[in-house]
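As a plain string of letters, each chain reads:
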Amino acid sequence: MKTQELNDLQTLVSLAKRRGFVFQSSEVYGGINACWDYGPLGVELKLNVKKLWWKSMTSRNDIVGIDAAILMHPKVWKASGHVDGFTDPMVDCKECKYRFRPDKVEDPSQCPSCGSKNLSEPRNFNLMFKTFMGPLEDSSSTVYLRPETAQGIFVNFENVQTSMRKKIPFGIAQIGKSFRNEITPGNFIFRTREFEQMEMQYFVKPGSDDEHMEEWKQRRRNFYLNMGFKEERLRFHQHGPDELAHYAKDAFDVEYKFPMGWEELEGIHNRTDFDLKAHQQMSGKSLEYFEEASKEKYIPYVIETAAGCDRLVLAALCDAYREEITTDEKGKEDKRVVLGFHPQLAPVKLAFLPLSKKEPLASLAMQLRNDFAAEDWICQYDESGSIGKRYRRQDEIGTPLCVTIDFDSLEDKCVTVRHRDSMQQDRVSIDGLEAYVRDKLKNF
Ligand code: ATP
């Protein structure tokens, strides 16, 4: 048997549409550039990514969560530096009208689309989406769609610290939508203009920041490994002096090897006291922390872990995809497409398949489906097509276990459990099925 990994994104885009993971937004109207909708399986996969991340953060005693509003006081973005500095350079090709970011192409002196050197000067373009609050559309009512979730955490630092009586070091976690008017979005859900971020800001005593940065790097790496990501497709990239953001003392990207190459999944940044200081100055409100033990007052430093939920979903799909190709004696090839998700990520955990649509098999299978779904497992029921075809359908969406109910089940009160990866089949009693499933999904 030959195993083939994913080597082009288009294969995944087709599978994602065919199997209900991701659809193009507004497709009936011809779509809208770089906007995507999550379908029934995509939304489950994305929820699983968020649940794992949320648990990895808020199950710690030193981290709590918040959910801040997308619209914030415009001064927030002035203080944070986004109004003046959140820009990307943009160049227009005068020949073919292609627009690109010169910092993201190999040779910025020529158009990546037509090769022309007849280009505009680079212009800085602010990535924040503007809108108006209330009925008046003038500059006094301008607000922004947040370009990052972090600022919602910084401006709530004091509220959270005092209401939860947290002592430094502690962190605040948040998952939410962010918006950036990207010049060149693309690569499916990798870079879009509306996306979800999973950010955690960890407030530490100045001087202990390097040590905490190191710890968070290791924790974040372990997070991806525990999610089942292939180790050889993960690496860290440290920002050089010319890559560092205006607020950062040190920064690492967690990179993943996508079909289009190594790209950032998550940023881990030492943001120093830049943001809290800036908000203290702009608001006139003290954001100093008083340390009981040492009787010291200081503005904490911040270690931030900023991951993109949609990028993690894309990486999870790429990581899980494989084709198993077998050739029979006559040389005929058979291809099995599998999404080998870790069970915690798999959008559907169990599929219940009656061997025949006839009663009482169908009702027994549906009854089992409903009982297991009530236990918080996402389950499917499928009675159409040959059992082989039904297994293949489940393989293609990554369902770890299929439960087949056959005529013998009525007599021996047992079912057949078929495993996605090994295709091994076990006969299991219906009474013992729940314990069996629990064990198999836990010790995958
Ligand atoms: P990039 O260099 O790819 O534009 P960035 O360094 O600006 O990303 P951060 O501001 O550090 O990104 O944002 C943290 C995370 O948010 C990124 O690692 C990425 O996973 C996600 N993210 C940022 N921009 C987008 C986008 N346009 N679409 C999808 N996810 C994004």
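Residues numbered from 1 in each chain as written. Predicted model: local features only at pLDDT ≥ 70, side-chain atom pairs only at ≥ 80, totals over all residues. Heavy atoms only, no water.

1. Section: the packing of aromatic side chains
As a reminder, the rule being used: Any two rings among Phe, Tyr and Trp, with Trp reduced to its six-membered ring, count as a pair given centres within 6.5 Å; such a pair is stacked if its planes are under 30 degrees apart, edge-to-face if over 60, and tilted if neither. By definition, any uninterrupted DSSP run of H or I lasting at least four residues is a helix, any uninterrupted run of E lasting at least two residues is a strand, and each is numbered from the N terminus. Whether a residue is buried, partly exposed or exposed follows from its accessible area with a 1.4 Å probe, protein chains only, as a fraction of its type maximum: under 20%, in between, or over 50%, in that order. Both a distance and an angle decide whether a charge sits over a ring: NZ of Lys or CZ of Arg must be within 6 Å of the ring centre and within 35 degrees of the ring normal.
If you walk through the whole model with that rule in mind, you get 17 aromatic pairs. With 5.4 Å between their ring centres and 75° between their planes, Phe190 and Phe258 make a pair best called edge-to-face. On the criterion of sequence distance, the pair formed by Phe190 in the loop between β10 (170-179) and β11 (194-204) and Phe258 in strand β13 (residues 250-258) is long-range, its members being 68 residues apart. In this pair, the class of Phe190 matches that of Phe258, namely buried. Ring plane angle 80° and centroid distance 5.3 Å describe the contact between Phe223 and Tyr224, whose orientation is recorded as edge-to-face. Ring-pair connections join several aromatic residues into one group, and the members of that group are Phe190, Phe223, Tyr224, Phe229, Tyr256 and Phe258. Residue placement shows Lys217 over the ring face of Phe236; its charged tip is 5.4 Å from the ring centre.

2. Topic: the side chain of Gln161
What counts, and what does not: In this description, contact between two residues means that some pair of their heavy atoms is separated by no more than 4.5 Å.
Its place among the elements puts Gln161 in helix α6 (residues 157-163). The class for Gln161 is buried, based on a relative accessible area of 16%. If sequence neighbours within four positions are ignored, Gln161 has contacts with Lys166, Phe170 and Tyr289.

3. Description of the sheet that holds strand β21 (residues 379-381)
For clarity, the threshold we go by: Strand pairing follows a simple DSSP-based rule, namely that at least 2 bridges must link the two strands. Axis lines are fitted through C-alpha atoms, for helices just across the contact stretch, and the angle between N-to-C directions can take any value from 0 to 180 degrees.
Read across the sheet, 5 strands follow the order β21-β20-β22-β23-β24 without closing on themselves; strand pairing throughout is mixed. The strands lining the two open edges of the sheet, one partner per strand, are β21 and β24 (425-429). Averaged over neighbouring strand pairs, the angle between their axes works out to 25° when direction is ignored. Looking at chain direction, strand β20 (residues 350-354) and β21 are connected through 3 bridges and run parallel. Its bridge partner lying in β21, Phe352 is registered against Tyr381. Along the sheet, helix α13 (residues 433-442) makes contact with β20, β22 (401-405), β23 (414-419) and β24, crossing β23 at roughly 10°.

4. What about the site of the ligand?
Let me state the cut-off plainly: It suffices for a single heavy atom of a residue to lie within 4 Å of a molecule or strand for the residue to be listed as near it. Polar contact is the term for a pair of N or O atoms within 3.5 Å; when the atoms are in protein, one must be able to donate a hydrogen and the other to accept it, and sequence-neighboring residues count only if both atoms are side-chain atoms.
Close to the ligand lie 17 residues; Glu182, Arg191, Thr192, Glu264 and Leu265 are nearest. Backbone polar atom of Leu265 to an oxygen atom of the ligand: 2.8 Å apart, as the coordinates give it. For the ligand, an oxygen atom lies 3.0 Å from a polar atom in the backbone of Gly308. For the shell around the ligand, the secondary-structure elements that each account for two or more residues are β11, β14 (261-272) and β17 (301-308).

5. Focus on the environment of Gly186
The residue Gly186 is located in the loop between β10 and β11 in this model. Assessed through its relative accessible area of 22%, Gly186 is described here as partly exposed. Residues Gly186 and Ala34, 152 residues apart in the sequence, show an inter-C-alpha distance of 6.0 Å.

6. As for the nonpolar core
Put simply, the rule is: The term nonpolar core refers to a set of buried residues drawn from Ala, Val, Leu, Ile, Met, Phe, Trp, Tyr and Cys, joined through side-chain atoms within 4.5 Å.
In terms of nonpolar packing, the biggest core is built from 57 residues, with Phe21, Tyr224, Phe229 and Phe341 touching the most fellow members. In terms of residues, this core owes the most to one element, helix α9 (residues 309-320), which gives 9 residues. The residues contacting Tyr224, other than those within four sequence positions of it, are Phe229, Leu234, Val254, Leu265, Glu266, Ala307 and Leu312.

7. Notes on the sheet that holds strand β7 (residues 123-126)
One open sheet accounts for 3 strands, arranged β6-β5-β7; its pairing is antiparallel. If you trace the sheet from one side to the other, it starts and ends with β6 (99-100) and β7, each paired once. Alignment of strand β5 (residues 87-92) against β6, held across 2 bridges, turns out to be antiparallel. In the sheet register, Asp92 faces β6, and the bridge partner there is Arg99.

8. Regarding helix α2 (residues 40-58)
Rules: How far a helix is expected to stretch is found by multiplying one less than its residue total by 1.5 Å.
Here α2 contains 19 residues, and its C-alpha end-to-end distance of 27 Å stays within 8% of the 27 Å for a straight helix at 1.5 Å per residue. Turning to α2, its buried residues number three or more, namely Leu41, Gly42, Leu45, Lys46, Asn48, Val49, Lys50, Leu52, Trp53 and Met57.

9. Structural notes on unusual backbone geometry
A cis amide bond links Ile168 with the next residue in sequence, Pro169, at an omega value of 10°. Topologically, Pro169 is positioned in the loop between α6 and β10. For the peptide bond that leads from Glu359 to Pro360, omega is 0°, which places it in the cis range. As for its placement among the helices and strands, Pro360 is situated in the loop between β20 and α10 (361-374). Positive phi outside glycine occurs at Phe188, with the angle close to 60°. As for its position among the elements, Phe188 is in the loop between β10 and β11. Classification of Phe188 as buried rests on a relative accessible area of 7%. The residue Asp376 is not glycine, and still its phi comes out positive at about 80°. By the secondary structure assignment, Asp376 is in the loop between α10 and β21.

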